[in-house]
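# Per-entry structural report
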Amino acid sequence: MSISDRVGPLGLGPARGSRERGSSGQGAEGPALDLALGRLREALLPSTGKLRPPWPFPLGAAPWPPSVPRPPKRPDLGVNYATDWARRYPVRLARAAWTELVTRPLMAAIAQPSTEGLDRFESTEAPVIFAANHSSHLDTPLLLSVLPERFRHKVVTLGAADYFFDSRAKAIYFAFSVNAVPIERVKVSRSSADRAQALIEEGWNLLIFPEGGRSPDGWGQPHRGGAAWLAARSGRPIVPVHIQGTGRLLPRGAKRLYVGRTKVTFGWPLYPDLPARQLVGRLEDAIAALADEAATDWWSARRRAAQGATPPLTGPDASAWRRAWALGPSPKDRARRRSPASAKRWPAGYGS
Amino acid sequence: MPRPGFVLEVDRATPPVLMWHGEGFRLERLPAERSRVVYAPEPLAPLPDPDAAIRRALLEPLGDCPPLPQLLHAGMRLTIAFDDLSLPLPPMRRPDNRQRVIEAVLDLAAEAGVDDVVLIAALGLHRRMTDAELRHALGDRIFDAFAPHGKLLQHDAEDPDGLVHLGKTEKGEDVEVNRRVAESDLLVYVNINLVAMDGGHKSTATGLMSYRSVRHHHNVRSLQHSRSLMDRPRSELHSSSWRIGRLLAKHVKVFQVETTLNNDAFPPQMAFLQKREWEWSVRDRATFLAASNGAALLSPAARRAVFQSVLAPHAMTSVQAGEVEAVHEATIANIHRQQLVDVEGQSDIVIFGLPYIGPYNVNSIMNPLLVHCLGLGYFFNMYLGKPLVRPGGVVILSHPTPWAFHPVHHPSYIDFFEEVLPTTTDPVEIEKTFEERYATDEWYRHLYRTSYAFHGVHAMYMWYWGAHALEYTGGTIIVGGNRRAVRRMGFKPATTLADALEMAEDVVGRGPTITYFRAPPLMLAHVH
């Protein structure tokens, strides 16, 4: 396959080779322009059609020949990444220092969290399973920064193996900074479940996001069964947590971080006295009630919960724009309102 | 699971490929759509417990041969011969296979109460090994137990008192062997088989014989009729060796121990040499840049010292012992398991990037004759079936080819280069006119026996080694070589690979097909 064959479908026009073969009668500047474009295309587009790294080989990596099959993904990454090192004592000490000296001041500055309901599980014995809604990458460090000290440095975060552990650098960073262990997000495999249970038996508290990933639109997603299943299997309680506001500061796909206020609300521990399937629904209801409490007040939320009228976490059952509209103005819009473009100009009358 | 070797068809997205260039490397871009690169298989997993495997091989021999303990008894004369410095390449990290095997044999000999044991380095016509080289190959325990008592010998193919003529083969080949070997009750030959050419009867027929015997297979006719040297049934050199070895085996009981290695030839610090270019990590790329640029800054002597200090992490992949021919068949199968790469068809041009080391310049200088021998002798012959290049095609070698010779190791090479090559480069003519004089020259003989020099005739053999390629191909071009040295050998010098490819088109026509044999790591092309 020639380069011209490859770049054709990408809509960049014919490559140099095809021009030389087929075109004629162009203006004087046409061939020169085509030649320049052709060279640019060849420099940028290897056989894969992806952008070539900026440095030529050997300064940059060589492109993978299309005729050579790639070996299977490195088995020591993804769900197989071994995180034992991150729970050794020296690393725990370093992480405690990182959490106290970096994470907490940073979260205090960026997310300005307020907390509710810490008293609800103060007498609960560790280990527990913290289950929270998930709308931002800020959720984990924020939650870790507001947990009581007896839990804060003894939490393992279950992270999506395909996202947080797909490269060595990411795996090392997340294993160190938030004590993450990989878990498959689409299903709870036996190895993942065994690993999580072993951690609970070793006395580690778990932090899990039962939605399986960050919210794509700002509203919650239906819960998966992992947290409830682990609670049922280990016999340890689940502490429901609702995190409000992080989705506005750093939503999924955001290119910049906003500063604002957040609120973390903890609920009463849920003991696994129900089958796992029913526990999933109970956990979802509990977090929805906490969301209602964060939006209104405890008494109103309790009354609505008693009537079965708690607003669902998944948002209104309406068209996409109405769901987006119901979230209110974005931080960007609010920032614009606070500082209108005119305010950035020179003061009126200056220099006159 | 190591991946097999394969052939990469070069297209415009193919990155530049690594090419050995003596004590350095080049990255060369090959013409798209008509070039291919043959990549070596990845190293096989080593034997988990090589010492246990050796002991098992000695106790469960192959072919018509009893276990070694049954061949050992008090009062016998036991000789243990072993391959010399030319194997493996690069020299392997300690413990060497020879040390492991000989220690196991000596353990059994000690249990059997054998007192008369002599070790012989099977040099053939190669230079003698230094004490340090012997110690590296055999280990301290063996060296200290045998060398001080004169029981660690090096074969002397010119010792009139140390050789015995056992007779002639059915084809009239003289069999003149080391006297100690001929008078032994048992010869245990310990082999390292780096390539398919090594081992079998060739070990004894070359390593322990005199010039009178060796000349029967190391000659132009044999080498021109060896298609290839790596394919024993089609190699005249091996046929002759087999006849000589069989006659020897009628006089002396031979217990052969052969070991094979994986092609893990370079240490982890130089991992990029073993990897395909698109799999180079950041570290590999940084190492490549540091090594190639760093090497360029060093003086030739310093560069040579650095490269010659490299020890290969070769690991044993098999060991077999017993009757010579049965053992060798199993050995060849194991070598093929590691090295064989299937290649479809021949090309107009074949390119070999030659490294800093060959069998005859360990701890020495790769002189122009050795460049010729390594390129047209060894690399060209790394095939089964038919050569990688078509008849009348062009061989392109990449090597600096310095006009430099080691005066101690290669004295006859210097005279050969100065006296013979200006006269003729035709191997047949050289053999007819010059061989006898070089082989019987008293000064060369003296240096071979008492110093560390290759035999006088060895320079001839270096030229004969390329006889098949010289006869078969339409020309040889050396990229980046010393122009005078290259021209002296009758080849054409080229500054760059692109120039060489242009020059080759004069011989093979426009738009030629090209095969680049990316070795080392070593491999054997099975050309269909």
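Here is what the cut-offs are and how they apply
- Residues numbered from 1 in each chain as written.
- Chains lettered and ligands numbered in written order.
- Predicted model: local features only at pLDDT ≥ 70, side-chain atom pairs only at ≥ 80, totals over all residues.
- Helix = DSSP H or I, 4+ residues; strand = E, 2+ residues; numbered from the N terminus.
- Buried ≥ 20, exposed ≤ 12 C-beta atoms within 10 Å, placed from the backbone.
- Contact = placed C-beta atoms within 7 Å.
- Nonpolar A, V, L, I, M, F, W, Y, C, P; charged D, E, K, R; others polar.
- Core = buried A, V, L, I, M, F, W, Y, C linked by C-beta atoms within 7 Å.
- Domains from an automatic or database assignment.
- Pairing = 2+ DSSP bridges.
- Axes fitted to C-alpha atoms, helices over the stretch in contact; angles between N-to-C directions.
- pLDDT = per-residue confidence, 0-100.
- Parallel < 35°, antiparallel > 145°, perpendicular 65-115°, else oblique.
- Left-handed = near helix turned anticlockwise from the far one by under 90°.
- Arc of directions from axis to C-beta.

Let us now look at the overall build of chain B. Scanning chain B for helices and strands turns up 21 helices and 20 strands. Looking at chain B as a whole, 57% of its 528 residues are labelled buried. Considering only intrachain contacts with a sequence separation of at least 6, the fraction spanning at least 24 residues in chain B is 80%.

Looking now at the overall build of chain A. From N to C terminus, chain A includes 15 helices and seven strands. Put simply, chain A has 352 residues, and 34% of those count as buried. Partitioning the contacts of chain A with sequence separation of at least 6, the portion at a separation of at least 24 is 68%.

On the side of chain A, 11 residues touch chain B, which itself brings 15 residues to the contact. Counting residues per element, the side of chain B that touches chain A draws most heavily on helix H11 (residues 282-297) of chain B, which supplies three residues. In terms of residue class, the side of chain B that touches chain A is made up of nine nonpolar, one polar and five charged.

The tendency in soluble globular proteins is for nonpolar side chains to be buried side by side. With 172 residues, the main nonpolar core has Ile80, Val105, Ile396, Met460, Phe517 and Ala525 of chain B as its most contacted residues. Here the element with the most residues in this core is helix H14 (residues 368-379) of chain B; it accounts for eight residues. In this structure, this core is formed jointly by two domains, domain 1 (6-39 + 344-527) and domain 2 (50-261) of chain B, each of which donates at least three residues. Beyond its immediate chain neighbours, meaning those up to four positions away, Ile396 of chain B contacts Ile349, Ile351, Ile477, Val479, Ala500 and Ala504 of chain B. With 63 residues, the next largest nonpolar core counts Leu143, Val181, Leu207 and Val241 of chain A among its residues.

Let us look at the sheet that holds strand S7 (residues 262-266) of chain A. Residue and element names in this part refer to chain A. The strand order across the open sheet built from seven strands is S1-S7-S6-S2-S5-S3-S4, with neighbouring strands paired in mixed fashion. Of all strands in the sheet, those with a lone pairing partner are strand S1 (113-116) and strand S4 (180-183), marking the two edges. Averaged over all neighbouring strand pairs, the angle between strand axes comes to 25°, with direction disregarded.

Our focus in this paragraph is the confidence of the model for chain A. Looking at chain A, the pLDDT average stands at 79 and 75% of residues meet or exceed 70. Taken as a whole, residues 1-28 of chain A scores under 50 in pLDDT and shows 29 contacts with residues more than four places along the chain or in a different chain.

The next point concerns the sheet that holds strand S13 (residues 340-343) of chain B. Residues and elements named next belong to chain B. Strand order in the open sheet formed by three strands is S13-S20-S15, and the pairing between neighbours is parallel. Each edge of the open sheet carries a strand with a single partner, namely S13 and strand S15 (383-384). When S13 meets strand S20 (residues 524-527), the two strands line up parallel, connected through four bridges. Looking across to S20, one finds that Val341 is bridged to Ala525.

Before going further, it helps to spend a moment on unusual backbone geometry. Each neighbour pair has its own omega, and for Leu87 of chain B with Pro88 of chain B the value is -15°, a cis peptide bond. Following the sequence through the fold, Pro88 of chain B ends up in the loop between strand S5 (77-83) and helix H3 (97-112). For Gln112 of chain A, which is not glycine, the phi torsion reads 40° and is therefore positive. Positive phi is not limited to glycine here, since Asn179 of chain A has a value of about 55°. Overall, Asn179 of chain A belongs to the buried group, with 25 C-beta atoms counted inside 10 Å.

Looking now at the pairing of S4 of chain A. Each regular strand displays side chains that alternate between the two surfaces of the sheet. All names here are of chain A. Side chains Ala180 and Pro182 of S4 all project onto a buried face; the interleaved residues Val181 and Ile183 project onto the opposite face, where all are buried too. Relative to S4, strand S3 (residues 155-160) runs parallel, the two sharing four bridges. Across the sheet, Ala160 pairs through a bridge with Ile183, a residue of S4.

Moving on, we come to the pairing of S3 of chain A. Residue and element names in this part refer to chain A. Within S3, six of the six residues are buried, leaving the element largely enclosed by the surrounding structure. The alternating pattern of S3 places Val155, Thr157 and Gly159 on one face and Val156, Leu158 and Ala160 on the opposite face, and all of these are buried. Relative to strand S5 (residues 205-208), S3 runs parallel, the two being bridged by three bridges. Each bridged residue has a counterpart across the sheet, and for Thr157 the counterpart in S5 is Leu207.

Moving on to the packing of helix H1 (residues 50-59) of chain B against H3 of chain B. Residue and element names in this part refer to chain B. One can describe the packing of H1 onto H3 by two numbers: an axis separation of 10 Å at closest approach and a directional angle of 50°. If you check the angle between H1 and H3, you find them oblique. Handedness of the crossing formed by H1 with H3: right-handed. For the pair formed by H1 and H3, the contact residues are Pro50, Asp51, Ile54, Arg55 and Leu58 on the first element and Arg100, Val101, Ala104, Val105 and Leu108 on the second. Classifying every residue of the contact of H1 with H3 gives seven nonpolar, no polar and three charged.

Moving on: H1 of chain B. Residues and elements named next belong to chain B. Regarding H1, the residues found buried are Pro50, Ile54, Arg55, Ala57 and Leu58. Take H1 and look down its axis: the buried residues cluster within an arc of 160°, on one side only. Away from the buried face of H1 by more than 90 degrees, exposed residues Ala52 and Arg56 are located. For H1, the secondary structure elements touched by its buried residues are helix H2 (68-71), H3, strand S11 (254-261) and strand S12 (316-322).

What follows concerns the environment of Met19 of chain B. Residues and elements named next belong to chain B. Looking at where Met19 falls in the secondary structure, it is placed in strand S2 (residues 17-20). What makes Met19 buried here is the crowd of 22 C-beta atoms within 10 Å. Each C-alpha atom of the pair Met19 and Arg518 lies 6.9 Å from the other, and the pair is 499 residues apart in sequence. When sequence neighbours within four positions are dropped, the list of residues in contact with Met19 reads Phe25, Arg26, Glu28, Gly353 and Ser398.

Below, the discussion takes up the environment of Pro402 of chain B. Residue and element names in this part refer to chain B. Within the secondary structure, Pro402 is located in the loop between strand S16 (389-398) and helix H15 (411-420). We classify Pro402 as partly exposed; it has 18 C-beta atoms within 10 Å. Put simply, Pro402 and Gly22 are 380 residues apart on the chain and 9.6 Å apart in space, counted from C-alpha to C-alpha. Residue contacts for Pro402: discarding those within four places in its chain leaves Pro300 and Asn482.

Our next topic: helix H4 (residues 131-138) of chain B. Residue and element names in this part refer to chain B. All buried positions along H4 are accounted for by Leu134, His136, Ala137 and Leu138. Looking at the buried positions of H4, the neighbouring elements they touch are H3, strand S6 (116-122), helix H5 (140-146) and strand S7 (152-154). Immediately beyond the C-terminal end of H4, within one or two residues, lies Gly139, with a positive phi of roughly 90°.

Residue and element names in this part refer to chain A. Residue position: Leu257 is located in the loop between helix H11 (246-249) and S7. On the neighbour-count criterion, Leu257 (14 C-beta atoms within 10 Å) is partly exposed. Distance in space between the C-alpha atoms of Leu257 and Ile110 is 8.6 Å, their sequence separation being 147 residues. Apart from the residues lying within four places of it in its own chain, the contact partners of Leu257 are Ile110, Leu249 and Leu250.

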